[in-house]
Amino acid sequence: MHLFVDNLTNVDFSYLDHQRGLVGETWLANAALDGALDHQGMVCDFGIVKKTLRHWLDDQLDHRLLVPILAPGLALAHQDGNISLKWQLASGEQISVSGPEQAFALVESGSINAESVARWSVQQLANSFPASVEQLKLSFEDEQIQDAFYHYSHGLKKHQGNCQRIAHGHRSRIQIFVNEKRDKSLEQKWSQRWKDIYLGTREDLREESGHSLIFAYRAQQGDFTLELPASACEILDCDTTVEQLAQYIATTLAEQYPGSEVRVRAYEGLGKGAIASAKL
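The present account deals with the structure reproduced in this document. Given the structure is predicted, the values throughout are model-derived calculations rather than measurements. (Residues numbered from 1 in each chain as written. Predicted model: local features only at pLDDT ≥ 70, side-chain atom pairs only at ≥ 80, totals over all residues. Heavy atoms only, no water.)

## Focus: the sheet that holds strand β15 (residues 222–229)
Thought 1: The strand order across the open sheet built from six strands is β4-β5-β6-β15-β14-β13, with neighbouring strands paired in antiparallel fashion. Only two strands of the sheet have a single neighbouring strand rather than two, namely β4 (74–79) and β13 (205–209). Adjacent strand axes in the sheet meet at a mean angle of 10° when their direction is disregarded.
Thought 2: With four bridges connecting them, β13 and strand β14 (residues 212–219) associate as antiparallel partners. Its bridge partner being in β14, E208 is matched across the sheet by L213. (Pairing = 2+ DSSP bridges. Helix = DSSP H or I, 4+ residues; strand = E, 2+ residues; numbered from the N terminus. Axes fitted to C-alpha atoms, helices over the stretch in contact; angles between N-to-C directions.)

## Some points on the environment of S91
Thought 1: Along the chain, S91 falls in the loop between β5 (82–88) and β6 (94–100).
Thought 2: Separated by 73 residues in sequence, S91 and H18 have C-alpha atoms that sit 8.3 Å apart.
Thought 3: Within polar-contact distance, the side chain of S91 engages the side chain of E93 at 3.2 Å. (Polar contact = N/O pair within 3.5 Å; in protein donor to acceptor, adjacent residues only side chain to side chain.)

## As for the nonpolar core
Soluble, globular proteins show a tendency: their nonpolar side chains are buried together.
Thought 1: Counting residues in each nonpolar core, the largest one holds 28 residues, and the members touching the most others are W27, L53, L57, L61, L66 and F140.
Thought 2: Beyond its immediate sequence surroundings of up to four residues, F140 is in contact with W27, L28, A29, L57, L61, A114, V117, A118 and S121. (Core = buried A, V, L, I, M, F, W, Y, C linked by side-chain atoms within 4.5 Å. Buried < 20%, exposed > 50% of the residue type's maximum accessible area, 1.4 Å probe, protein only. Contact = heavy atoms within 4.5 Å.)

## Observations regarding unusual backbone geometry
Thought 1: A positive phi angle is found at N7, which is not glycine, with a value near 55°.
Thought 2: The topology assignment puts N7 in strand β1 (residues 2–17).
Thought 3: If you check the backbone angles, N179 has positive phi at about 55° while not being a glycine.
Thought 4: Tracing the backbone shows N179 in the loop between β10 (168–178) and β11 (181–182).
Thought 5: For N179, a relative accessible area of 46% gives the class partly exposed.

Have a look at this one:
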């Protein structure tokens, strides 16, 4: 018997890639289970399936930095409940990250993609279901977006939850209206401007070292640091909540179009976000 759960949940995270660098991502998770019927006439109760998988995905993938630990060019160290790593980019530049272990997902793979993360997740979930379940399958997919979107990573040190982790991110849609008329050309410009970007708060910037920027802060979960190429960053004079990102885009565009009302609908991952307006 085959049991399936489509659109189980979505996960927002960042991952390391040799070509793209630090990439913010959002995936939708689907699950399938094969097995025999139990005494209730079920492979497994849907309540158990959804609770088990959602809890694991929320705890082990969501708002973490996914690291392919079998990749070349990775140096990884554990010490006193913390992880520090160095990641070599194809360009020869380097990314360094440190923070509590709970901010990372160490994926046994040479690269991060939907298939490799699904295989690793299934391995981690072994023995999580009743004996009637013979096989678990997970799949991840992107939201189908017809218009503009960008991938960004950030950290929110003031957040009380997992958003405080310095390197987590999203794949997000954007819609821009000038005088109530949608402007898709501006949407495309911002999707290029924030393509695989790290959005850093200026007060968290600790050092400009050559062509690199170093961000660091202490949050509720611990101490975090991140060093990455300056070309992959944009520094904002505000925190990088989706509310403030929407306002930042709206205000920036209003300065370019004086006298026009600019309205921005900025998403944070899948199905949520903020709307902000500006007129100068």
